[in-house]
Amino acid sequence: MNFTVRRAQSADATALPAIERSAAALFRCDPSLAWLADAAVADAEHHQMAIENEQVWVAQSADGELMGFLRAVEVDRELHIEELSVSQQFQGQGAGRKLLLTALEHARKRKLDGLTLTTFRDLPWNEPFYRKLDFETLSPAEIGSRLRTVLNNEINHGLPGERRCAMRLKLR
C-alpha cells in the first residue's frame, strides 16, 4: 500500500482516538487481555495537546485516510514511545514500522541517546516486532527509575506486570 508518514497536525487529533480503539481491538485475541479492547483511550483533547507539545507522527494513505500514529516524548536524552497504533484495516502493511523508523530518524537528528518503550513480552505485534527493529529487552537491572515508574503505572492500571517489559534501542 502506498502511504506517507508526516508530522501530525491539529486537524488530525479528532481521528486518533478511533485509530487507537481499532488497534486495541486486536487484544480480543488474548482472553486475559480482551478487556483492553474496551478500555478508555486518550481523547482528542489529549492528542491535541500531544501534537502541540510532543512528537506525534501519522501514517496517511494515498487517499488521505489516517492509518496510524506514533506519539513520543523526549525524556532524559531519549525518545520514549508512548503509543504506536495502527487501525486494524491497515495492520500488516508497514505503517507501524515506518512510523517507528520516522521516530528513530528524528531521534538521530536530535542526537539523542536512544529510544525507549514498554510493551507486552509475548504478543507478536509487541516485543517480537520491536526486536526485529533492533530494540533490546532490558533486564530489571537495566531498566532504571524512569522506565520502572512507567511499568509500575501500567501495573497500577491493571496490566499484568509479568507480561510487560521495557525496551531500548541505543543510538550512542
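What counts and how
- Residues numbered from 1 in each chain as written.
- Predicted model: local features only at pLDDT ≥ 70, side-chain atom pairs only at ≥ 80, totals over all residues.
- Heavy atoms only, no water.
- Core = buried A, V, L, I, M, F, W, Y, C linked by side-chain atoms within 4.5 Å.
- Buried < 20%, exposed > 50% of the residue type's maximum accessible area, 1.4 Å probe, protein only.
- Helix = DSSP H or I, 4+ residues; strand = E, 2+ residues; numbered from the N terminus.
- Contact = heavy atoms within 4.5 Å.
- 1 Å grid on protein atoms, 1.4 Å probe; cavity = no way out; pocket = protein on both sides within 12 Å on 5 of 7 lines; lining within 4 Å.
- Points joined across faces, edges and corners; volume = space filled by probe spheres on them.
- Nonpolar A, V, L, I, M, F, W, Y, C, P; charged D, E, K, R; others polar.
- UniProt positions renumbered as here; feature names shortened; annotations may be inferred.
- Salt bridge = Lys/Arg side-chain N within 4 Å of Asp/Glu carboxyl O.
- Phe/Tyr/Trp six-rings, centres within 6.5 Å; stacked < 30°, edge-to-face > 60°.
- Lys NZ or Arg CZ within 6 Å of the ring centre and 35° of its normal.

This part takes up the nonpolar core. Judged by nonpolar contacts, the single largest core of 26 residues is most densely connected at L70, L79, I81, L115 and F135. Within the residue set of this core, elements represented by two or more residues are strand 2 (55-61), strand 3 (66-75), strand 4 (78-86), helix 3 (95-109), strand 5 (114-120) and strand 7 (164-170). With six residues, the single largest contributor to this core is helix 3. Non-local contacts of I81, meaning those with residues more than four positions away in its chain, are made with L70, R71, A72, L100, A103, L115, T116 and L117.

Its boundaries defined by the atoms lining it, the largest pocket holds a volume of some 1,400 Å³. Taken together, 44 residues make up the lining of the largest pocket; nearest its centre are F27, E82, E83, L84 and S85. Every element with two or more residues in the lining of the largest pocket is listed here: helix 1 (16-24), strand 4, helix 3, strand 5, helix 4 (127-132) and helix 5 (140-156). At seven residues, strand 4 tops the list of elements feeding residues into the lining of the largest pocket. Considered class by class, the residues forming the lining of the largest pocket number 23 nonpolar, 13 polar and eight charged.

The UniProt record annotates "domain: N-acetyltransferase" (unreviewed entry) at residues 3-172. Helix makes up 34% of residues 3-172 and strand 28%, whereas the separation of the span's terminal C-alpha atoms amounts to 31 Å.

So, about the pattern of salt bridges. Applying the stated criterion to the full structure yields twelve salt bridges. One salt bridge in this structure joins D12 and R6, with 2.8 Å as the shortest N-O distance. The burial state of D12 is the same as that of R6; both residues are buried. When the shortest N-O distance is used, the salt bridge between D113 and R172 registers 3.8 Å. Residue D113 is found in the loop between helix 3 and strand 5, and its partner R172 is found in the segment after strand 7; the two are separated by 59 residues along the sequence. Counted as one network, the salt bridges with shared partners bring together D76, E78, R146 and R168.

A word on the packing of aromatic side chains. Enumeration according to the criterion identifies four aromatic pairs in this entry. The interplanar angle of 65 degrees and the centroid separation of 5.7 Å between the aromatic rings of F27 and F120 together place this pair among those described as edge-to-face. One end of the pair, F27, is in the loop between helix 1 and helix 2 (44-53); the other, F120, is in strand 5, with 93 residues separating them in the sequence. One aromatic cluster in this structure is built from F27, F120 and W125. One cation-aromatic arrangement involves R164 over F120; the distance from NZ or CZ to the ring centre is 4.4 Å.

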